[in-house]
Amino acid sequence: MKIKSISNQTNILMLLSNPAAYDPRPLKEAVSLIKNGYNVIFLAWDREGNYSKFERSKNLTIKRFKFRARYGHNPKTILGFLFYYFWCIVNSFILDFSFIHCHDFDTVLVGVLVKLFKHNVKIIYDAHEIYPEMVKAEIPYVLYVLLRWIDKVFTRIADCVIVPSEERKKFYSGAKRVIVVPNVPKVVDISTNREYKKRNFVIFYGGALSESSGILYMIRAVLHIPDVQLILAGEGRLKNTIQKISKKSNKILYLGVIPHQKYLENLASADATFVFYSPTNLNNIYSASNKFFEAIMMGVPIIVNEESIHSRIVKKYNCGLVVPYGDICYLENAILKLKNDVALREKLGKNGRRAFKENFLWDLYEKKLIKCYQELLTERLRVKRYVS
């Protein structure tokens, strides 16, 4: 049965290779589009098997493909993608929609194939990552070149490409239109509880537990400095390593996977946080992290690595400290500088909060997103009238 548009609202089909449950960017965009009169239908992939097959709430519908597979590159995951693509294409013939919004490189192929049969559907390529650069070190060079070429083809076919930072626009120069929608959160007000004289200096990090996130460097630095505690939350390859370290030292506390609200509460009450990206590939260098914007929104001083685009924002607004990636000496000095100077921490926190309110509010970018959709809808209706 087709999901029809309600009155003048228009259906948007969103493709997402995760369960559409915890990824903030697609959900935030969907809420904004619904608020502006659109219906959003997610075709998501529940790889963990933890979510319901079908959800509906007012103008939001989520259909989930149920196939257990790990994230990453392995035979079962590749097979899962083939099944997921087939499932999405079948659903595209059942559902009624005017736009197909493809979240990341791994769903754009479906959008392109659907376009072959539904010529008047508009394709939006939401490039969360620069995928060929992200996997470059893990694949043969010939495959990397092939992925770069495919990405350029997808870019030219898409009616709009959305990127999370200005610096990434150059990778999609062949697009018909490119708009920047950063990974900025909606404003959340959480009261802080920083009793400086009664406890250790607390550094909090929540997110992917991977080597490229610089977590092991931070652990080494914290273990060398008295009265400093590192609190970690999240999932990833370093999970077992972090659990072992936390059992040996009370300076490292691992919370496991926690709800986003709990993550924000821990962040708000911390004395500092960090966002590091290994400068081993261009995707890392040009990553615009949601965690970064959440930190400055909360007024938490942030330590970032010099090679990332975050360092430009930190230097411009004086809302944190910048260190070379992997340099333990510089990192220890940065921690000590923040630990020993409460006034500096408060100044950096206030600067970050002010920068967020003046430059990175979601409302500013929501308008760009809605304007793009309105322009595409106008084009679509013009073509429809011309054909008829």
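Here, the structure is the one placed above.
For clarity, every value in this text was computed on a predicted model and none was experimentally measured. Just so you know, the residues in each chain are numbered from 1, in the order the chain's sequence is written. Totals for whole chains, interfaces and linings use all residues, but because this is a predicted model, local features are given only for residues with pLDDT of at least 70 and pairs of side-chain atoms are given and counted only at 80 or more. Calculated side-chain values reflect all of the structure's heavy atoms, with hydrogen atoms and water omitted.

1. Things to note about the pattern of salt bridges
A pairing counts as a salt bridge when a side-chain nitrogen of Lys or Arg comes within 4 Å of a carboxyl oxygen of Asp or Glu. Scanning the model with the defined rule gives 16 salt bridges in all. Its salt-bridge partner being Arg 345, residue Asp 271 comes within 3.9 Å of it at the nearest N-O pair. In this pair, Asp 271 sits in the loop between α8 (260-269) and β12 (272-275) while Arg 345 sits in helix α13 (residues 342-359), placing the two residues 74 residues apart along the sequence. The buried category is assigned to Arg 345, whose relative accessible area is 5%. Salt bridges sharing common partners tie together Lys 115, Lys 122, Asp 159, Lys 176, Arg 177, Glu 375 and Glu 379. Labels follow the DSSP assignment, with helices taken as runs of H or I lasting at least four residues and strands as runs of E lasting at least two, numbered in each case from the N terminus. Throughout this description, buried means an accessible area under 20% of the type-specific maximum (1.4 Å probe, protein chains only), exposed means over 50%, and partly exposed covers the range between.

2. Description of α13
Multiplying 1.5 Å by the helix residue count minus one yields the expected span of that helix. Taking 1.5 Å per residue, 18 residues should reach 26 Å; α13 reaches 26 Å between its end C-alpha atoms and fits that length. Contacts: residue pairs with any heavy atoms within 4.5 Å of one another. Contacts from the buried residues of α13 go to β9 (201-206), α10 (290-298), α11 (310-317), β14 (320-323) and α12 (328-339). Polar contact is the term for a pair of N or O atoms within 3.5 Å; when the atoms are in protein, one must be able to donate a hydrogen and the other to accept it, and sequence-neighboring residues count only if both atoms are side-chain atoms. Between a side-chain oxygen at the N-terminus of α13 and the backbone nitrogen of Ala 343 the separation is 3.3 Å; the capping residue is Asp 341.

3. Quick word on the packing of aromatic side chains
By convention, a stacked pair of Phe, Tyr or Trp rings (six-membered ring in the case of Trp) has centres within 6.5 Å and planes under 30 degrees apart, an edge-to-face pair has planes over 60 apart, and any other such pair is tilted. The tally for this structure, following the rule as stated, stands at 26 aromatic pairs. Where Phe 274 meets Phe 276, the ring centres are 5.1 Å apart and the plane angle is 40°; that geometry is what we call tilted. Each member of the pair Phe 274 and Phe 276 is classed as buried. Grouping aromatic residues by their ring pairs yields a cluster made of Trp 45, Phe 65, Phe 67, Phe 81, Phe 83, Tyr 84, Tyr 85 and Trp 87. In this structure, Arg 47 is placed above the aromatic ring of Trp 45, and the distance from its NZ or CZ to the ring centre is 4.1 Å. Stacked on the ring of Phe 67, the Lys or Arg Lys 76 has its end atom at 5.9 Å from the ring centre. For a ring to carry a charge above it, either NZ of a lysine or CZ of an arginine must fall within 6 Å of the ring centroid while also lying within 35 degrees of the normal to the ring plane.

4. Concerning the pairing of strand β2 (residues 38-46)
Note on strand geometry: in a regular strand, side chains alternate between the two faces of the sheet. Taken across its nine residues, β2 has nine buried, putting it largely inside the fold. In β2, alternate side chains face the same way, and those of Tyr 38, Val 40, Phe 42, Ala 44 and Asp 46 on one face and Asn 39, Ile 41, Leu 43 and Trp 45 on the other are all buried. Across seven bridges, strand β1 (residues 10-16) lies against β2 in parallel orientation. Bridge pairing in β2 links Met 14 to Phe 42. Here, strands pair whenever DSSP counts at least two bridges between them.

5. Observations concerning the sheet that holds strand β11 (residues 252-254)
Taken together, six strands build an open sheet; the order of strands is β11-β10-β9-β12-β13-β14 and the sheet is parallel. In this open sheet, the two strands that pair with only one neighbour each are β11 and β14. For this sheet the average axis-to-axis angle between neighbouring strands, irrespective of direction, equals 25°. Across six bridges, the pairing between β9 and strand β10 (residues 228-233) is parallel. Residue pairing across strands places Phe 201 opposite Val 228, the latter belonging to β10. Angles run from 0 to 180 degrees between N-to-C directions of axes, and those axes are lines fitted to C-alpha atoms, restricted for helices to the stretch in contact.

6. Remarks on the nonpolar core
Counting 52 residues, the largest nonpolar core has Leu 33 and Phe 292 as the members making the most contacts within it. When residues in this core are grouped by element, the largest group, eight residues, is from helix α14 (residues 362-387). In this structure, Phe 292 is in contact with Val 275, Ile 302, Val 304, His 310, Ile 313 and Val 314, ignoring residues within four places of it in sequence. Nonpolar cores are built from buried Ala, Val, Leu, Ile, Met, Phe, Trp, Tyr and Cys residues. Side-chain atoms within 4.5 Å join them into one set. Core analysis: the next-biggest nonpolar cluster, separate from the first, contains 42 residues, Ile 41, Tyr 85, Cys 88 and Val 108 among them.

7. Side note on unusual backbone geometry
The backbone of Lys 58 sits at a positive phi, close to 55°, despite the residue not being glycine. The residue Lys 58 is located in the loop between β3 (54-57) and β4 (60-66) in this model. Even without being glycine, Asn 318 reaches a positive phi, approximately 50°. In this structure, Asn 318 sits in the loop between α11 and β14.

8. Regarding the environment of Pro 24
Structurally, Pro 24 can be placed in helix α1 (residues 24-35). Pro 24 sits in the partly exposed class, given a relative accessible area of 36%. Considered as a pair, Pro 24 and Asn 183 are 159 residues apart in the sequence and their alpha carbons are 8.4 Å apart.

9. What about the sheet that holds strand β8 (residues 178-180)?
Across the sheet, eight strands lie side by side as β3-β4-β2-β1-β5-β6-β7-β8; this open sheet has mixed pairing. Strand pairing shows two members of the sheet lacking a second neighbour, β3 and β8, which therefore form its edges. For this sheet the average axis-to-axis angle between neighbouring strands, irrespective of direction, equals 20°. Those strands touched by α1 are β1, β2, β4, β5 (99-103), β6 (122-126) and β7 (160-163), and its axis lies near 160° from that of β2.

10. Some thoughts on a nonpolar patch on the surface
Together, Phe 93, Leu 109, Leu 113, Leu 116 and Phe 117 line one region of the surface with nonpolar side chains, adding up to about 490 Å² of accessible area. Sorting elements by how many residues they give to the nonpolar patch places helix α3 (residues 105-117) first, with four residues. With respect to the helices and strands, Leu 116 occurs in helix α3. What makes Leu 116 exposed here is its relative accessible area of 55%. Candidates for patches are residues over 30% relative accessible area with no salt bridge; among them, like charges are joined within 9 Å and nonpolar side chains (Val, Leu, Ile, Met, Phe, Trp, Tyr) within 5 Å. The Shrake-Rupley method, run with a 1.4 Å probe, gives the accessible areas here. Residue values count only the displayed protein chains as cover.

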